[in-house]
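# Results of the structural survey
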Amino acid sequence: MAEVHKTFIGGGGDDWFSHIVESNAERYRKTNPSYKCPYFAWTADLAIPAALRAPPQGSNITVVGHSYGADTVFSEIQRGRPVTTLITMDPVARLRPSWTTIRSRCFVWLNVRAEPSGKNRSFDDTIAGFGGKYPTPPKPGEPGAPNYAYNPDSTHGAFDTMMRLANKQGVSGRSLLGGNGVG
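In every chain, residue numbers begin from 1 and rise along the written sequence. Where local features are concerned, this predicted model is filtered to residues with pLDDT of at least 70; where side-chain atom pairs are given and counted, the filter is 80 or more; whole-chain, interface and lining totals use all residues. The basis for the side-chain values is all heavy atoms of the structure; hydrogens and waters are excluded.

### Digging into the packing of aromatic side chains
To keep things clear, this is the line we draw: Each aromatic pair joins two rings of Phe, Tyr and Trp (for Trp, the six-membered one) with centres within 6.5 Å, and gets the label stacked for planes under 30 degrees apart, edge-to-face for over 60, and tilted for any other angle. Summary of the burial criterion: residues with accessible area below 20% of their type's maximum are buried, those above 50% are exposed, and those between are partly exposed, where the area comes from a 1.4 Å probe applied to protein chains only. Put simply, DSSP H or I for four residues or longer makes a helix, DSSP E for two residues or longer makes a strand, and each gets a number counted from the N terminus. Consider the ring centre and the ring normal. A charge sits over the ring if Lys NZ or Arg CZ is within 6 Å of that centre and within 35 degrees of that normal.
Summed over all chains, the structure comprises 9 aromatic pairs. With centroids separated by 5.8 Å and ring planes inclined at 50°, the aromatic side chains of Trp 16 and Phe 17 adopt a geometry described as tilted. Overall, Trp 16 belongs to the exposed group, its relative accessible area being 63%. Their ring planes at 75° and their centres at 6.0 Å tell us that Phe 74 and Trp 99 sit as a pair that is edge-to-face. One end of the pair, Phe 74, is in helix H4 (residues 68–78); the other, Trp 99, is in helix H5 (residues 99–104), and 25 residues separate them in sequence. Of the residues examined, Phe 74 reaches a relative accessible area of 0% and is grouped as buried. Following the ring pairs from residue to residue traces out a cluster consisting of Phe 74, Trp 99, Trp 109 and Tyr 134. Above the plane of the ring of Tyr 134 lies Arg 96, whose end atom (NZ or CZ) is 4.9 Å from the centre.

### Remarks on the pattern of salt bridges
Which entries qualify depends on this criterion: The working definition used for a salt bridge is a side-chain nitrogen of Lys or Arg within 4 Å of a carboxyl oxygen of Asp or Glu.
Under the counting rule described, the total for this entry stands at 6 salt bridges. A salt bridge links Arg 27 to Asp 160; the shortest N-O distance between them is 3.9 Å. Placement of the pair is Arg 27 in helix H2 (residues 20–31) and Asp 160 in helix H7 (residues 159–164), with a sequence separation of 133 residues. For Arg 27, a relative accessible area of 40% gives the class partly exposed.

### Here we look at H4
As a reminder, the rule being used: Whether two residues are in contact is decided by their heavy atoms: any pair within 4.5 Å suffices.
Burial within H4 is extensive, with 8 of its 11 residues counted as buried. Gly 69, Ala 70, Asp 71, Thr 72, Val 73, Phe 74, Glu 76 and Ile 77 are the residues of H4 that are buried. Where the residues of H4 are buried, they touch strand S1 (4–10), helix H3 (47–53), strand S3 (60–66), strand S4 (83–89), H5 and strand S5 (106–112).

So this is what it looks like as structure tokens:
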């Protein structure tokens, strides 16, 4: 039976301030003790590539990245590490990899881009804008399009909400993560 790896990578401030992804990873690890579920801050330069290369060939590898954490995952995938399932929540960065390269190295990819209405905007949306929020990815049928993508009316920091919200087909970050989910 293939090993199951669920890696969580938090964005800026996640490891020392907000703990948005870190706390979700901890809850997920406790409710799914048979899975390997490490958490990393996006700044864990050496640990992330090592963790993504560690699973044996044929392992089921799911990676969840939020903000700069999503961009960190993109960088690793661009360097050649394919993953089974990629879940990116409101990616942020100034230098962006090729959507086509990312798509070619993921069996399933969900990209969620927060687009808060004026009443829902918060300080974290301003910070994400300064950080270099990714544009909307290509549409279905275009090169590099994720399998699933949607743009909820939620804030950048609403990781739990973005993981739970589903598209018209019922696909959510939580459903793709599997196991006893987060969010």
